[in-house]
Amino acid sequence: MQPKDISRRGFVQTATAITAASLLGGRTTQAGEAGSQPLEAAADVICPHPFLTPAADFFTVARGNPKPHTLTGQALADARMTPDTWRLEITADPYVEPPHVRLAAEIDRPLTPSEGNALDLPALMELGRSHGVAFIKAMQCLNIPTPLGQGLWEGVPLREVLRLCGRTNNIRRIYFQGFHNNDPGQVFQSSLSYTQAMETPPGELPVFLAYRLNGEPIPPVRGGPVRMLVPWAHGFKSIKWLQHIFLTNDYRANDTYALQNNDPDSPLKTAAYLDEVPRSIEAGRPVTLTGLVISGYSGFERVEYWVRPLTEDSPPLADDAPELLRAPWKPAELFPPPDWDSLLPEGISRRRILGFSDTTGEPLSWPLRYGMAAWHAVLEGLPRGRYEVRARAVDANGFAQPEPRPQQKSGRNALQPKSFEVV
Ligand SMILES: Nc1nc2c(c(=O)[nH]1)N[C@H]1C(S)=C(S)[C@@H](COP(=O)(O)O)O[C@H]1N2
Ligand SMILES: [Mo]
């Protein structure tokens, strides 16, 4: 499966021009400086990435045959995937298996269609009036080397929904499942520990059931009407077409992804992505590098790039090659935050978006936590010849990508070299 080339996507929608003077300064644009005076303009670098990805433009990762979002008409209604027909079941797992599971999970008030008390969309949105949360998340697949998109998601924390079930006991894991044509072979499920669902450390974001994306109802292609959103995680925890929450005392994380040799608890990675570079560039003209960077679990320090002159016999370099580790990496520049007032849907105050200060409305970090921003660098004066360029992120602990996690099954984070020629 190939990701869609997002480097060319939406070029015009939110193109942002920034001045070359800030490139030359070699400093990283800080969130607080976003509104500061533009410096002298020498040349403009246009940001090729919209800040929020339109719902239809995300790269889609979906199982099913037919894929649930391709259903229409009565089939969509039968799948409980329309706003009117959507229902959420919450049930407890009777399973016991000593010594792992000595006692079965219990809940006072299961929510089921047969009892007529399954949660519907108006009731979920009503909960959103008092408990609603919003945040901007980069969606990224553990196994795909390009970010899938970034959205502003709104919904209700999972813990508020679980409270509807009254008292619960012996629950150590919470599973969520979407619609999959009722075919067990197509089930795609994910899970969290009870604690991850119920408790949120300061500055972090709770797991929530999302029902709006970029200010609109979530369309079927993005997992609507209701999708789970796990802020710190890769996409596989954010189950689309959510229909069933299953509470169990089995502590083992039996996520579908875990069965495919992935670490089911690996959070979103801090990683930089380099856009395509023209293959051939005229000598004397600047070479503009652009790309995206996700600020993952381990935080963000900077994006760096390294241009390596190639000769006839330059060997390919592994990501941990000594030459690469010793190379003169240079800092790239982040594009500043967007103009929030024109970007955000009406009625959404920045003060209530997680990751922004609730007093000033400014981002608490840039990129936003678990968010994505675009970066750029301009290369000048390269002599004729062949080159290879790489970008990498350095996390808040000072680890340069792909460290400290060379295990690719905890998230693809390899460097992505691109080559070009100056002619
Ligand atoms: N129901 C369901 N939810 C799912 C999946 C799926 O196949 N079925 N794929 C997951 C994976 S692996 C990823 S990376 C994300 C992708 O989200 P997107 O299609 O909105 O970009 O959805 C997740 N949620
Ligand atoms: Mo994924």
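Residues numbered from 1 in each chain as written. Chains lettered and ligands numbered in written order. Predicted model: local features only at pLDDT ≥ 70, side-chain atom pairs only at ≥ 80, totals over all residues. Heavy atoms only, no water.

(A) Geometry of the overall build of the chain. What the chain contains, in helices and strands, is seven helices and 23 strands. A total of 423 residues make up the chain; the buried ones form 53% of that total. Put simply, of all contacts in the chain between residues at least 6 apart along the chain, 75% involve residues at least 24 apart. Carbon and sulfur atoms provide 51% of the accessible area of the chain, an area that totals close to 19,200 Å². (Helix = DSSP H or I, 4+ residues; strand = E, 2+ residues; numbered from the N terminus. Buried < 20%, exposed > 50% of the residue type's maximum accessible area, 1.4 Å probe, protein only. Contact = heavy atoms within 4.5 Å. Areas by Shrake-Rupley, 256 points an atom, 1.4 Å probe, with all protein chains shown as cover.)

(B) How the structure looks around the nonpolar core. Membership of the largest hydrophobic core comes to 102 residues, with the highest contact counts inside it found for I90, L124, L158, M228, L289, W375 and F420. Once residues within four sequence positions are removed from consideration, F420 is found in contact with V277, P278, R279, I281, V287, V307, L379, L382, G385, R386, Y387 and V389. (Core = buried A, V, L, I, M, F, W, Y, C linked by side-chain atoms within 4.5 Å.)

(C) Seen up close, the packing of aromatic side chains. Scanning all chains against the criterion turns up ten aromatic pairs. Centre to centre, the rings of F51 and W366 are 5.7 Å apart; their planes meet at 20°, and the pair counts as stacked. Linking F51 in the loop between strand 2 (44-46) and helix 2 (73-78) with W366 in the loop between helix 7 (340-343) and strand 21 (372-379), this pair joins segments that are 315 residues apart in sequence. The two residues F51 and W366 agree in class, both being buried. When the ring of W340 is compared with that of F356, the centres are 5.0 Å apart and the planes differ by 80°; the resulting orientation is edge-to-face. Here the residue W340 occupies a position in helix 7, and F356 occupies one in the loop between helix 7 and strand 21, the gap between them amounting to 16 residues. (Phe/Tyr/Trp six-rings, centres within 6.5 Å; stacked < 30°, edge-to-face > 60°.)

(D) View of the sheet that holds strand 15 (residues 271-274). Sheet architecture is open: four strands sit in the order 15-17-21-20, paired in antiparallel fashion. Each edge of the sheet is formed by a strand with only one pairing partner; in this case those strands are strand 15 and strand 20 (333-334). Of the pairings in the sheet, the one linking strand 15 to strand 17 (residues 287-294) comprises four bridges and is antiparallel in character. Paired with L274 across the strands is G291, a residue of strand 17. (Pairing = 2+ DSSP bridges.)

(E) Seen up close, the site of ligand 1. Residues in close proximity to ligand 1 total 19 residues, the closest being F59, R63, R222, R227 and K240. Contact distances for ligand 1 include 2.9 Å between an oxygen atom and a backbone N or O atom of R63. At 2.7 Å, a side-chain N or O of R227 approaches an oxygen atom of ligand 1. (Near = heavy atom within 4 Å. Polar contact = N/O pair within 3.5 Å; in protein donor to acceptor, adjacent residues only side chain to side chain.)

(F) Region of interest: the sheet that holds strand 3 (residues 87-92). Pairing in this open sheet of five strands is mixed, and the strands run 5-3-14-9-10 from one edge to the other. In this open sheet, the two strands that pair with only one neighbour each are strand 5 (119-120) and strand 10 (189-193).

(G) Inspection of the environment of H100 at higher detail. Relative to the elements of secondary structure, H100 occurs in the loop between strand 3 and strand 4 (106-107). The partly exposed category is assigned to H100, whose relative accessible area is 30%. In sequence terms H100 and R252 are 152 residues apart; their C-alpha atoms lie 8.8 Å from each other. Once residues within four sequence positions are removed from consideration, H100 is found in contact with R172, Y251 and R252. In this structure the side chain of H100 is engaged in a polar contact, spanning 2.5 Å, whose partner is the side chain of Y251.

(H) The arrangement of unusual backbone geometry in detail. The residue after N65, namely P66, is reached through a cis peptide bond having omega 0°. One can find P66 in the loop between strand 2 and helix 2. Along the chain, G224 connects to P225 via a cis peptide bond; the corresponding omega equals 10°. Turning to its location among the elements, P225 is positioned in the loop between strand 12 (216-217) and strand 13 (227-229). The backbone of R80 sits at a positive phi, close to 60°, despite the residue not being glycine. You will see that N261, though not glycine, has its phi angle at about 70°, which is positive. Here N261 is to be found in the loop between strand 14 (242-248) and strand 15.

(I) Layout of the confidence of the model for the chain. Residue-level pLDDT values for the chain average 88, and 90% of them are 70 or greater. Note on residues 1-42: pLDDT is under 50 here. Beyond four places in sequence and across chains, it has 87 contacts. (pLDDT = per-residue confidence, 0-100.)

(J) The side chain of D275, seen in detail. Tracing the sequence through the fold places D275 in the loop between strand 15 and strand 16 (280-281). Within polar-contact distance, the side chain of D275 engages the backbone nitrogen of G291 at 3.5 Å.

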